[in-house]
Amino acid sequence: MPTLLHINSSPLYGTSISRQLSDSFVEQWKAANPGEKVIERDLTATDIDPLSAAFVAAMFTPPDALTPDQKQILALSDTLVAELIEADEYVFGVPMYNFGVPAALKLWIDQICRVGKTFAYVDGAPKGLLTGKKATFLIASGGIYDANTQMASYNFVEPYLRTLFGFLGVADVTFYTAGGVSALNHGAIDRETFLAPHLAAVAKHAKA
Ligand SMILES: Cc1cc2nc3c(=O)[nH]c(=O)nc-3n(C[C@H](O)[C@H](O)[C@H](O)COP(=O)(O)O)c2cc1C
């Protein structure tokens, strides 16, 4: 059964551009993949604590030596990792916040980077274990950070996610950014006109 993991991280729900794009991707992907399964993971609605000393200790404890308390500490992380392993494909809705990813997404990343589960060290070199997966990142930003512009160096969203998922073994990645949302917020363009080319690009990619 083709399985898609859908991860949203904007807290703005009804007005979020990245949510609208990723929701649209899911609808198109479902139509193109009969008998599919979609796992929904809304990071704004998932209570994830920042890493603690107890979590780090549990993370590096061999599975058969974990105490009941440590198993509890790792329970959410185990669930989030299981979602990544189960899915064949991932789609992320990502707002740019302060030139980087939102804190909710970073908290999730800190839970899913698990040695022995999502990456390993083989002969001293890191090896991603999420192989054979495909990921699409649908990013919304107020500004425009096109390659070869002066602003490109301010964009820490795409380079960070590209590096991280490469590290985890996800080789087939697509990044699509709806840049210039501030024009929408200032009333310089209406939402429908702004979204039309982005929704068309997302639909084309979801069906590919
Ligand atoms: C707290 C906050 C920080 C933001 N920081 C940036 C930024 O650094 N660069 C940028 O281009 N846009 C920034 N924006 C604009 C958002 O990226 C833009 O509104 C985008 O549409 C948010 O995604 P969403 O619509 O899916 O919530 C910021 C918006 C907020 C609310």
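Residues numbered from 1 in each chain as written. Predicted model: local features only at pLDDT ≥ 70, side-chain atom pairs only at ≥ 80, totals over all residues. Heavy atoms only, no water.

A. Focus on the sheet that holds strand β2 (residues 37–42). A sheet is described by the order of its strands in space; here five strands give the open sequence β2-β1-β3-β6-β7, paired in parallel fashion. Looking along the sheet, the strands with just one partner apiece sit at the ends: β2 and β7 (172–179). On average, adjacent strands in this sheet sit at an angle of 15° to one another, irrespective of strand direction. Sheet topology note: the strand β3 (residues 89–95)/strand β6 (residues 134–141) ladder contains seven bridges and is parallel. Following the sheet pairing, Gly-93 is matched in β6 by Leu-138. Contacts from helix α7 (residues 191–207) reach β6 and β7, with the element oriented near 170° to β7. (Pairing = 2+ DSSP bridges. Helix = DSSP H or I, 4+ residues; strand = E, 2+ residues; numbered from the N terminus. Axes fitted to C-alpha atoms, helices over the stretch in contact; angles between N-to-C directions. Contact = heavy atoms within 4.5 Å.)

B. Spatial organisation of the environment of Phe-60. Among the secondary structure elements, Phe-60 is positioned in the loop between α2 (53–59) and α3 (68–86). For the pair formed by Phe-60 and Val-115, sequence separation is 55 residues and the distance between their alpha carbons is 8.1 Å.

C. Fine view of the pattern of salt bridges. Applying the stated criterion across every chain, the model contains seven salt bridges. The partner of Asp-42 in a salt bridge is Arg-19, and the shortest N-O contact between them spans 2.7 Å. Separated by 23 residues along the polypeptide, Asp-42 in strand β2 and Arg-19 in helix α1 (residues 17–32) bring together distant segments of the chain. Owing to a relative accessible area of 22%, Asp-42 belongs among the partly exposed residues under this scheme. (Salt bridge = Lys/Arg side-chain N within 4 Å of Asp/Glu carboxyl O. Buried < 20%, exposed > 50% of the residue type's maximum accessible area, 1.4 Å probe, protein only.)

D. Quick peek at the pairing of strand β4 (residues 119–122). Bridge analysis of β4 against strand β5 (residues 125–128) gives four bridges, and the strand direction is antiparallel. Residue pairing in the sheet places Ala-120 in a bridge with Lys-127 of β5. Between the end of β4 and the start of β5, which pair antiparallel, lie two residues, with Asp-123 showing a positive phi angle near 50°.

Limitation: the analysis is restricted to geometry and does not speak to function.
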